[in-house]
Amino acid sequence: MKNKLPAWFEGMQYDKGDTVKNPFSGEECELNATELSMYDFIVGSQLVMEMAPKMVIPKQVRDFQKGLDWFRKNNASAYMTLLD
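Residues numbered from 1 in each chain as written. Predicted model: local features only at pLDDT ≥ 70, side-chain atom pairs only at ≥ 80, totals over all residues. Heavy atoms only, no water.

### Here's the deal with the overall build of the protein chain
Rules: In DSSP terms, a helix is any run of H or I states spanning at least four residues, a strand is any run of E spanning at least two, and both are numbered starting from the N terminus. Both definitions apply: the radius of gyration is a C-alpha atom measure, and the globule rule equals 2.2 Å times residues to the power 0.38. Partly exposed residues are those whose accessible area sits between 20% and 50% of the maximum for their type, while under 20% is buried and over 50% is exposed, using a 1.4 Å probe and protein chains only. Contact criterion: two residues are considered in contact whenever any of their non-hydrogen atoms come within 4.5 Å of each other. A 1.4 Å probe and the Shrake-Rupley method give the accessible areas. Residues count as covered only by the protein chains that appear here. His residues and chain termini do not enter the charge count, which takes Lys and Arg as positive and Asp and Glu as negative. Where a charge lies is defined by one atom per residue type, namely NZ (Lys), CZ (Arg), CG (Asp) and CD (Glu).
Helices and strands together make up the secondary structure of the protein chain, namely three helices and two strands. Secondary structure elements in the protein chain, listed N-terminal to C-terminal, are β-β-α-α-α. Radius of gyration (C-alpha) of the protein chain: 13 Å, near the 12 Å computed for a compact globule of 84 residues. Overall, the C-alpha framework of the protein chain stretches about 35 × 30 × 20 Å when taken along its three principal axes. When the 84 residues of the protein chain are sorted by exposure, 37% land in the buried category. In the protein chain, once contacts between residues fewer than 6 apart in sequence are set aside, the share between residues at least 24 apart is 56%. For the protein chain, the exposed surface amounts to about 5800 Å²; the carbon and sulfur share of it is 55%. Counting 10 positive and 12 negative side-chain charges, the protein chain places the centres of these two groups 8 Å from one another.

### So, the nonpolar core
Counted only if it meets this: The term nonpolar core refers to a set of buried residues drawn from Ala, Val, Leu, Ile, Met, Phe, Trp, Tyr and Cys, joined through side-chain atoms within 4.5 Å.
If you look at the biggest cluster of nonpolar residues, it comprises 20 residues, and the most contacted ones within it are L31, M38, Y39, I42, F71 and L82. Of all the elements in the fold, those that place two or more residues in this core are β2 (28–31), α1 (33–51), α2 (58–74) and α3 (76–82). Top element by residues in this core is α1. It accounts for six residues. In this view, Y39 contacts V20, K21, L31, F71, L82 and L83; residues no more than four positions away in its chain are not counted.

### Re the pairing of β2
Operational definition: In short, DSSP must find at least two bridges between two strands for them to pair.
Here β2 shows a buried face lined by C29 and L31 and an unburied face lined by E28 and E30. Here strand β1 (residues 18–21) runs beside β2; their pairing, made up of four bridges, is antiparallel. Counted as the bridge partner of V20 is C29 from β2. As consecutive antiparallel partners, β1 and β2 are separated by six residues, and within that stretch G26 has a phi angle of approximately 85 degrees, a positive value.

### Digging into the side chain of E35
Along the chain, the position of E35 falls in helix α1. Setting aside residues up to four positions removed in sequence, E35 forms contacts with N3, E30, W70, F71, N74 and N75.

As structure tokens, then:
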């Protein structure tokens, strides 16, 4: 089943899914295209917030949190493996 991205999502939308590896645990998850789009948005947002915290605006923080919530609801198992 292909999940639908929320209306607020402004990230890259992929046509194909892929296998993603947790860089800390080495565990892998297969994500569909929609989940991979959101995963990359979350990881990219986190990177930006860590590298330039003074440049982050409240909307970015809200969208990051909404992305985590979306991922948790749409693929709890992958969330626990990749993002928790």
